Amino acid sequence: MEELVRVIAKALVDHPEDVTVKTVEKEHLIVYELYVHPDDVGKVIGKQGRIAKSLRTVVTSAAVKMDKRVTVDIIS
């Protein structure tokens, strides 16, 4: 799942070398922290958050088989 977030994010940004994903596991929640270059934050979020929402939807759909909630946090 972490690789999925990384591949999608690298396709969106101008500085793909600065894209990193960190996984934080909690009781019933997995948080994928997406770190991008400060200039690329707007590209990952998109207009009115549409790209970020789509990214979260894809990750949530891919994690249906897991018994945990999954979310993506975008950090610059």
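Residues numbered from 1 in each chain as written. Predicted model: local features only at pLDDT ≥ 70, side-chain atom pairs only at ≥ 80, totals over all residues. Heavy atoms only, no water.

The name an unreviewed UniProt entry gives the chain is RNA-binding protein KhpA, with Paenibacillus glucanolyticus as the organism. What UniProt records for the chain under Subunit (unreviewed entry) is the sentence "Forms a complex with KhpB." The record in UniProt for the chain states the following under Subcellular location (unreviewed entry): "Cytoplasm". (UniProt positions renumbered as here; feature names shortened; annotations may be inferred.)

When you look at the pairing of strand E2 (residues 29–35) in this model, what are you seeing that I'm missing?
For a regular strand, side-chain orientation follows a simple rule: the groups alternate between the two sheet faces. Extensive coverage of E2 is indicated by the burial of six of its seven residues. The sheet contact formed by strand E1 (residues 20–25) and E2 spans six bridges and is antiparallel. In the sheet register, Val24 faces E2, and the bridge partner there is Val31. Connecting E1 to the antiparallel partner E2 that follows it, the hairpin turn spans three residues. Pairing of E2 with strand E3 (residues 69–75) involves seven bridges; the strand directions are parallel. Of the residues in E3, the one forming a bridge with Glu33 is Asp73. (Buried < 20%, exposed > 50% of the residue type's maximum accessible area, 1.4 Å probe, protein only. Helix = DSSP H or I, 4+ residues; strand = E, 2+ residues; numbered from the N terminus. Pairing = 2+ DSSP bridges.)

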